[in-house]
Amino acid sequence: MKYIDEYRDAGVAKGIAQAVRALVTRPWVLMEICGGQTHTIMRYGLDEMLPPEIELVHGPGCPVCVAPLEIIDKALAIAARPGVIFVSYGDMLRVPGSHSDLFRVKAAGGDVRIAYSPMDAVKLARENPTRQVVFFGIGFETTAPANAMSVWQARREGLRNFSLLAAHVLVPPAMRVILASPANRVQGLIAPGHVCTVMGTREYEDLSRDFHLPIVIGGFEPVDLLEAVRLLVAQLEEGRAEVENQYVRSVTREGNQPAQRIIEQVFEVSDRQWRGIGAIPMSGYKLRPEFAEYDAELVYGTGEITAHEPPECISALVLQGLKKPVDCAAFGSLCTPERPLGAPMVSSEGVCAAYHAYRRRDVGQPILAVPGGRPRLSSRPEPPERRPAGTIACPTEPEVR
Amino acid sequence: MIPLVCPAPIATRDTILLGHGSGGKLSAELLRDVFLPAFANPVLAKLDDQASIEIGGARLAFTTDSFVVKPLFFPGGDIGSLAVHGTVNDLAVGGAIPEFLSAGFILEEGFPMADLRRIADSMASAAARAGVTIVTGDTKVVERGSGDGVYINTAGIGRLREGVQLSASQARPGDAVILSGSIGDHGIAILSQREGLELESDVASDSAALHTLVGAMFAASGAGAIRCMRDPTRGGVASTLNEIAQQSAVGIEIDECTIVIHSAVRGACELLGLDPLYVANEGKLVAVVAREQADAIVEAMRRHPLGGDAAIIGQVTGAHPGMVTMRTAFGTARIVDMLAGDQLPRIC
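Reading the values: the criteria
- Residues numbered from 1 in each chain as written.
- Chains lettered and ligands numbered in written order.
- Predicted model: local features only at pLDDT ≥ 70, side-chain atom pairs only at ≥ 80, totals over all residues.
- Helix = DSSP H or I, 4+ residues; strand = E, 2+ residues; numbered from the N terminus.
- Rg over C-alpha atoms; globule rule 2.2 N^0.38 Å.
- Buried ≥ 20, exposed ≤ 12 C-beta atoms within 10 Å, placed from the backbone.
- Contact = placed C-beta atoms within 7 Å.
- Pairing = 2+ DSSP bridges.
- Axes fitted to C-alpha atoms, helices over the stretch in contact; angles between N-to-C directions.
- pLDDT = per-residue confidence, 0-100.
- Core = buried A, V, L, I, M, F, W, Y, C linked by C-beta atoms within 7 Å.
- Domains from an automatic or database assignment.
- Nonpolar A, V, L, I, M, F, W, Y, C, P; charged D, E, K, R; others polar.
- Right-handed = clockwise from strand over helix to strand, strands pointing away.

Draft legend 1. Layout of the overall build of chain B. Across its full length, chain B carries nine helices and 14 strands. Its C-alpha atoms give chain B a radius of gyration of 20 Å, within 12% of the compact-globule value 20 Å for 348 residues. Here the C-alpha coordinates of chain B stretch approximately 60 × 60 × 45 Å along the principal axes. In chain B, buried positions account for 50% of the 348 residues. In chain B, the share of contacts with a sequence separation of at least 24, taken over all contacts with a separation of at least 6, comes to 83%.

Draft legend 2. Spatial organisation of the environment of A:Leu322. Position of A:Leu322 among the secondary structure elements: in the loop between α15 (315-319) and α16 (343-346). In this structure, A:Leu322 is in contact with A:Ala183 and A:Leu317, ignoring residues within four places of it in sequence.

Draft legend 3. Broad picture of the sheet that holds strand β4 (residues 111-114) of chain A. Residue and element names in this part refer to chain A. In space, the six strands of this open sheet follow the order β4-β3-β5-β6-β11-β10, with mixed pairing throughout. Only two strands of the sheet have a single neighbouring strand rather than two, namely β4 and β10 (267-274). Taken over all neighbouring pairs, the strand axes of this sheet differ in orientation by 25° on average, direction set aside. Both strand β3 (residues 84-88) and strand β5 (residues 132-139) contribute to a ladder of four bridges, which runs parallel.

Draft legend 4. Quick look at the confidence of the model for chain B. All names here are of chain B. Taken over all residues, the pLDDT of chain B has a mean of 90, while the share at 70 or more is 93%. Scored below 50 in pLDDT, residues 1-11 makes 26 contacts in the model with residues more than four places away or belonging to other chains. Across the predicted assembly, pTM comes out at 0.80 and ipTM at 0.72.

Draft legend 5. The nonpolar core, seen in detail. One finds A:Val87, A:Ile190, A:Val229, B:Ile178 and B:Leu241 to be the most contacted residues of the largest nonpolar core, which totals 217 residues. For this core, the element with the most residues is helix α12 (residues 222-238) of chain A, which contributes nine residues. Leave out the neighbours within four places in its chain, and B:Ile178 touches B:Ala287, B:Val289, B:Ala294, B:Ile297, B:Val298, B:Ala310, B:Ile312 and B:Ile313.

Draft legend 6. Local environment of the domain arrangement of chain B. All names here are of chain B. Here chain B is partitioned into domain 1 (48-160) and domain 2 (176-335). Contacts between the two partners involve 20 residues from domain 1 and, on the opposite side, 20 residues from domain 2. Among the secondary structure elements, those contributing two or more residues to the side of domain 1 that touches domain 2 are α3 (79-92), β5 (96-108) and α4 (113-130). The dominant element in the side of domain 1 that touches domain 2, judged by the number of residues it contributes, is α3, at eight residues. Along the lines of polarity and charge, the residues of the side of domain 1 that touches domain 2 split into 11 nonpolar, six polar and three charged.

Draft legend 7. View of the domain arrangement of chain A. Residue and element names in this part refer to chain A. Taken as a whole, chain A is organised into domain 1 (65-171 + 255-304) and domain 2 (315-362). One C-alpha centre belongs to domain 1, the other to domain 2, and the line joining them spans 26 Å. Counting residues at the interface gives 10 residues for domain 1, matched by 11 residues for domain 2. For the side of domain 1 that touches domain 2, the per-class residue count stands at six nonpolar, one polar and three charged.

Draft legend 8. Representation of unusual backbone geometry. Of note, the bond from B:Lys70 into B:Pro71 is cis; its omega dihedral lies within 30 degrees of zero at 0°. Residue position: B:Pro71 is located in the loop between β2 (58-67) and β3 (73-74).

Draft legend 9. Quick look at the sheet that holds strand β9 (residues 243-245) of chain A. Residues and elements named next belong to chain A. In spatial order, the strands read β2-β1-β7-β8-β9; together these five strands make up an open sheet with parallel pairing. A single partner strand is all that each edge strand has here, and the edge strands are β2 (54-61) and β9. In this sheet, neighbouring strand axes are inclined to one another by 25° on average, regardless of whether the strands run parallel or antiparallel. Across three bridges, the pairing between strand β8 (residues 215-218) and β9 is parallel. Looking at the pairing, Ile215 lines up with Val243 of β9. Where helix α11 (residues 202-211) meets the sheet, its contacts fall on β7 (188-192), β8 and β9, and the angle it forms with β8 comes to roughly 155°.

Draft legend 10. Spatial organisation of the pairing of β4(A). Side chains A:Asp111 and A:Arg113 project from β4(A) onto one buried face, and the interleaved A:Val112 and A:Ile114 project onto a second face that is buried too. With helix α6 (residues 102-107) of chain A bridging β3(A) and the parallel β4(A), this β-α-β connection has right-handed handedness.

Draft legend 11. The arrangement of the pairing of β8(A) in detail. Residues and elements named next belong to chain A. Judged by which residues are buried, β8 turns out to be covered on both faces: Ile215 and Ile217 on one side and Val216 and Gly218 on the other are all buried. Taken together, the four bridges between β7 and β8 define a ladder with parallel strand orientation. Pairing of Ala191 across the sheet is with Ile217, part of β8. In terms of handedness, the path from β8 via α12 over to β9 forms a crossover that is left-handed.

Shown next as structure tokens:
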């Protein structure tokens, strides 16, 4: 599969890991921001391939995980109303609010539907003129253009039965909070490639300068992430701190300008509550006043719904890269994907879920029983594989026909 | 120092959620907490896809399955052929020769008669091809809005091969794990037809009756070589392997590079953020067999039209009992967990 297979080439990946081993002279703590990147690292065991000097900590870039309890409770209240079709990305259905989740609201008779695009919700509104359709517009800058477009399109069509429950969050303000914290350990950042595809790289140039921090815009495939690590380690070892773009096949410095324009037309920057981090000024999007009639919070008067964030949850520390999921006493025992205690265990992008899915053996069990597998964080050098670029290192090609 | 405590969980499960029908952990909970205590008996307790029973000296396999697929007609099949294949396969992977089926229909008021005829014809031809006879049935009609057009339940009886006693509890360290072909075709064929997902794909369901493939496997192997077989339907290959690992209290290690996935299935899974290991199949089987006979069994499968891509995908180990691990193309290892409920498409 073009644009995927070449970035999952085991031979290329091992070569890059070897290059990192050759570069590194002392310990470095790197953070990948996006949950999709965390997922790839865990799924392919990339941290096992890297030398022990490199510690990967995981950032706040899982939109489900950072959605505050309050917005979930608002979603549940709206979804439970008769006459409402509540439309959401699938990931959100299992996320617990204060007392329930969308799956339970659905089981109790609420009309909750999974969509793959906010435009599907607009279509539903068009086809169901007697019903109110609400889309749960959640995510980072990545999903903001499509969500903005849904509101813009609904207004253009004069649809009066569509509204958006907007809970957008922005990466750079959250990263500033994490980097400015006295507890911060992060020395290099892998910035989220999809966010930068939309927004460009300028905001990260400011971050890099203000915190004297190497930043590499990284993709989501294993070779992307290893290459991003290599670029970061090279910067750190040479004492440089600049923004480099590894994900050139998708990201430009200016970003996607039509997408930025639709965001700007429909949304304005606002303060946001982050689960696990707290309130961050100017860290999200809300609908502009001229789109008030499409703002589900105003349409349904959910302003009074507030929720108390349990201050003691370790997910706060996990989402800031200060703790690993396996540091939590509840991980894998009291807290599992089927009975999640916190959002990072709920979403497939959540760091606890990624550890639980791929790494549960780390908890009190010997690591790696698979023949040929190397012990995690082994520093034993391995010769780079010699094979022509672009071939798959599998003994047999897994894709046929 | 901040204590390592997480927020309180949501209260106990007091209602049925969709995830209870996913074939994952929630389904297993339902069995454990509701049905097994209510129906407790040694045959059921084996938790195989079919019951092995003895009546008047005859050893029989008995099974039932309900079909609630949407859409009713999809590339590669329809709910009728699926209802026949599903039950035939549950018998076949138990080592039985399928003989008789029942068919129960729950129809929704207003359902087009032409569609019902089409479904019945499809069942008839699937049954003829599978060598089974539909000998009894039942029909109920529910009010409009109380059903999805048509639900079908089939039950089946087959004769167990002499000396054959398969069970998911019989996998032993050293055994080989065989998969009969590509994975995820059925699930993606269904998903790409669903409303709201305008996915143009040419993926057809792999829905097929596996009894002759199973026959070829038995013919190629000695007594006792085949420890257990399962058809990895809902929950996919990952869930099936987890069930075997748990019921046999062994570990299973598979090799990513040996698993065949058609490129269109891979593409759809990439797009939707799904793992093909958890996507449903309706014409594939997983077998755990004695290592020394594994190659001969795979050879026999490859000569069969439904087993052309059969391969040894891993082995059973004494390490990490109850857990399935996968060696990735990168030489690293990861867990292949059982899912809690259905796979949910990711946000971005």
